[in-house]
Amino acid sequence: MATRLLIIADTHLPKRAKDLPEQVWDEVDAADVVIHAGDWVSVDHLNDLEKRSRRLVAVYGNNDHEQLRERLPLVARAEIDGVRFAVVHETGQAKGREERCSADYIDVDVLVFGHSHIPWDTTAESGLRLLNPGSPTDRRRQPFCTYMTAVADAGTLRDVTLHRLPPRTPVTPLRPR
């Protein structure tokens, strides 16, 4: 039986947005497992995602305060439908990432990470798949806010898809007439 995954990171709520986009909440509802690679900022956001997710695999990031660090690990590991995952927030600079992570995570098939807000999907020579979903709330220098979905199925990760979110409409204050 295949397992549908939602992969997100760097949500930075409520600093970068008041809430996750509705499209992402719809994906939370559809997913069997939600993976979050850190930088939550708000404990309320963690609480909301825990309530709405069937299963949550998550870590804290560099912007997460002590309350989040008490509840979440620096590194999370999970086997999902025969696929071995590790989740971290930071992996260091892009140059040499595949080699470094292959050496650090020799016992996993997929490493999910965040921090840069830059989507990333590569496979190291070792076979380790590295995924960064970008951010659904803070695109930084990227053209779009993003997240990923995938399917874990009998030891294989398939259907990895990067989703682009539509631009948010800025709220314009009303001017007195």
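The coordinates are above.
Small disclaimer: the values here were computed from a predicted structure and weren't measured.

(A) Just the overall build of the protein chain, in detail. The helix and strand tally for the protein chain stands at four helices and 10 strands. Moving toward the C terminus, one meets the helices and strands of the protein chain in the order β-α-β-α-β-α-β-β-α-β-β-β-β-β. For 177 residues, the compact-globule formula gives about 16 Å, and the C-alpha radius of gyration of the protein chain, at 16 Å, lands near that figure. Out of the 177 residues belonging to the protein chain, those deemed buried represent 49%. Here the analysis covers contacts within the protein chain between residues at least 6 apart in sequence; of these, 55% occur between residues at least 24 apart. As displayed, the protein chain offers around 9,400 Å² of accessible surface, 48% of which is attributable to carbon and sulfur atoms.

(B) Fine view of the pairing of strand β7 (residues 120-123). Looking at chain direction, β7 and strand β8 (residues 129-132) are connected through four bridges and run antiparallel. Residue pairing for β8: threonine 123 is matched across the bridge by arginine 129. Counted along the chain from β7 to the antiparallel partner β8, the turn is five residues long, and its residue glycine 127 has a positive phi close to 100°.

(C) Examining the sheet that holds strand β2 (residues 33-36) more closely. Here we have five strands laid out as an open sheet, ordered β3-β2-β1-β9-β10, and mixed in their pairing. Of all the strands in the sheet, the pair left with one neighbour each is β3 (56-58) and β10 (156-164). Neighbour-to-neighbour, the strand axes of this sheet turn through a mean angle of 20°, independent of strand direction.

(D) Looking closely at a negative patch on the surface. A cluster of like negative charges, contributed by Asp19, Glu22, Asp26, Asp44 and Asp48, occupies part of the molecular surface. Looking at the negative patch, the elements with two or more residues in it are α1 (22-30) and α2 (43-52). The residue glutamate 22 is located in helix α1 in this model. Judged by its relative accessible area of 53%, glutamate 22 is exposed.

(E) Examining the sheet that holds strand β6 (residues 110-112) more closely. Taken in spatial order, the five strands make up an open sheet running β4-β5-β6-β8-β7, and their pairing is mixed. The two strands at the open ends of the sheet, each matched to only one other strand, are β4 (76-80) and β7. Neighbour to neighbour, the strand axes of the sheet diverge by 15° on average, direction disregarded. Across five bridges, the pairing between β4 and strand β5 (residues 83-87) is antiparallel. Among the inter-strand pairings, alanine 78 is bridged to a residue of β5, identified as phenylalanine 85.

(F) Representation of the pattern of salt bridges. Applying the stated criterion to the full structure yields 11 salt bridges. Arginine 54 serves as the salt-bridge partner of aspartate 32, at 3.9 Å between the closest nitrogen and oxygen. Residue aspartate 32 is located in the loop between α1 and β2, and its partner arginine 54 is located in the loop between α2 and β3; the two are separated by 22 residues in the primary sequence. Judged by relative accessible area, which is 30%, aspartate 32 ranks as partly exposed. Given a relative accessible area of 57%, arginine 54 falls into the exposed group. Of the charged contacts in the structure, one is a salt bridge between arginine 129 and aspartate 121, with a shortest N-O distance of 2.7 Å. Judged by its relative accessible area of 37%, aspartate 121 falls in the partly exposed class.

Parameters at a glance
Residues numbered from 1 in each chain as written. Predicted model: local features only at pLDDT ≥ 70, side-chain atom pairs only at ≥ 80, totals over all residues. Heavy atoms only, no water. Helix = DSSP H or I, 4+ residues; strand = E, 2+ residues; numbered from the N terminus. Rg over C-alpha atoms; globule rule 2.2 N^0.38 Å. Buried < 20%, exposed > 50% of the residue type's maximum accessible area, 1.4 Å probe, protein only. Contact = heavy atoms within 4.5 Å. Areas by Shrake-Rupley, 256 points an atom, 1.4 Å probe, with all protein chains shown as cover. Pairing = 2+ DSSP bridges. Axes fitted to C-alpha atoms, helices over the stretch in contact; angles between N-to-C directions. Patch = residues over 30% accessible without salt bridge, like charges linked within 9 Å, V, L, I, M, F, W, Y side chains within 5 Å. Salt bridge = Lys/Arg side-chain N within 4 Å of Asp/Glu carboxyl O. Lys, Arg positive; Asp, Glu negative; His and termini not counted. Charge placed at Lys NZ, Arg CZ, Asp CG, Glu CD.

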